[in-house]
Amino acid sequence: MQGVTVVDHPLVQHKLTLMRKKDTSTRTFRQLLKEIGALLCYEVTRDLPLELIEIETPLATMQAPQLVGKKLVFAAILRSGMGMLEGMLDLAPAARVAHVGLYRDPVTLNCVEYYFKAPLDIAERTVIVIDPMLATGNTAIAAVDRLKEAGARSIRMACLLASPEGISKFQGHHPGVPLWTAAVDERLNDHGYILPGLGDAGDRMYGTR
Ligand code: URA
């Protein structure tokens, strides 16, 4: 699938299996989501550009690589994006954070924004949008729309699970936004949940079901 990277690293796959199990506790689910967040961050940032700078080691002068330009923005879609954010920040602590709060209007089914806060210099940074579940794709599409409106130009999407329907809709709206996921599941059910999936990520993370 063009534009989609499935992170098939054994550690990611093993942790994802534990998360899918219905008996996995809230505490373990949250811990695993954090750990997978860090592992996904490692893959999503694999091609970030480097430049050579001169440094002094205790023994010699050398040309050593460092990241070019301004650092990342992690844009967490509330609320379950917060679960992956923590692990990503462990790996890239200098990153800035944007929060995107969206809910689905029960009548119009449109995404309605209830919170948005992003760094002012977002246009100069690579933005990694974080949402564990790319299901219908509607939330991710609206979040990327909003981030673009705020000035974001270089955008990547990181999720834990994606549906084929969600990927296709997302790529239709945002063809220039590459996507990383730990797995592409079978399909959506009639309620917009991913099958076989792992249930409601936010509820499982926070024990709200
Ligand atoms: N959101 C979730 O948390 N789970 C799904 O399966 C779909 C959307």
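See above for the structure.
What counts, and at which threshold
- Counting from 1, residues in each chain are numbered in the order their sequence is written.
- For a predicted model such as this one, the threshold for reporting local features is a pLDDT of at least 70, and the threshold for listing and counting side-chain atom pairs is 80 or more; totals across whole chains, interfaces and linings nevertheless cover every residue.
- Values reported for side chains reflect all heavy atoms of the structure, with hydrogen atoms and water molecules removed beforehand.
- Fitted lines through C-alpha atoms serve as axes, helices being fitted only where they are in contact, and the angles separating the N-to-C directions of these axes extend from 0 to 180 degrees.
- Helical segments are the DSSP runs of H or I of at least four residues, strand segments are the runs of E of at least two, and each set is numbered from the N terminus.
- Each angle gets one of four labels, with under 35 degrees taken as roughly parallel, over 145 as roughly antiparallel, 65 to 115 as roughly perpendicular, and the rest as oblique.
- In this scheme the handedness of a crossing depends on how the near helix is turned from the far one: anticlockwise by less than a right angle means left-handed, clockwise means right-handed.
- By definition in these notes, contact holds between two residues if any of their heavy atoms fall within 4.5 Å.
- Gly counts as polar in this scheme, as do all residues outside two lists: the nonpolar Ala, Val, Leu, Ile, Met, Phe, Trp, Tyr, Cys and Pro, and the charged Asp, Glu, Lys and Arg.
- Here, expected helix span is obtained from the residue count minus one, scaled by 1.5 Å.
- Three exposure classes are used, based on accessible area relative to the maximum for each residue type with a 1.4 Å probe and protein chains only: buried under 20%, partly exposed in between, and exposed over 50%.
- A cutoff of 4 Å decides nearness: a residue is near a molecule or strand if any of its heavy atoms lies inside that distance of it.
- Polar contact criterion, stated in full: a pair of N or O atoms within 3.5 Å, where within protein one must be able to donate a hydrogen and the other to accept it, and residues adjacent in sequence count only if both atoms are side-chain atoms.
- The method behind every accessible area is Shrake-Rupley, applied with a 1.4 Å probe, and residues are considered shielded solely by the protein chains displayed.

Draft legend 1. Structural detail: the packing of helix α1 (residues 10-20) against helix α2 (residues 26-44). It is the contact of α1 with α2, at a shortest axis distance of 10 Å, that shows an interaxial angle of 155°. By the angle class used here, α1 and α2 are roughly antiparallel. As for the relative orientation of α1 and α2, their crossing is left-handed in sense. Within the contact between the two elements, α1 uses L11, V12, K15, L16, L18 and M19 and α2 uses F29, L32, L33, E35, I36 and L39. Broken down by class, the residue content of the contact of α1 with α2 amounts to 10 nonpolar, no polar and 2 charged.

Draft legend 2. Quick look at helix α4 (residues 138-149). Relative to the 16 Å expected for 12 residues at 1.5 Å per residue, α4 spans 16 Å between its end C-alpha atoms, a close match to the ideal helical length. Listing the buried residues of α4 in full gives N138, A140, I141, A142, A143, V144 and L147. Immediately downstream of α4, the backbone of G151 shows phi near 115°, a positive value.

Draft legend 3. View of the site of the ligand. Around the ligand lies a shell formed by M133, A135, G192, Y193, I194, G199, D200 and A201. I194 places a polar main-chain atom, nitrogen or oxygen, 2.8 Å from an oxygen atom of the ligand. Note that a nitrogen atom of the ligand is positioned 2.8 Å from one of the backbone N or O atoms of G199. Within the complex, 84% of the 240 Å² of free accessible area of the ligand lies under protein.

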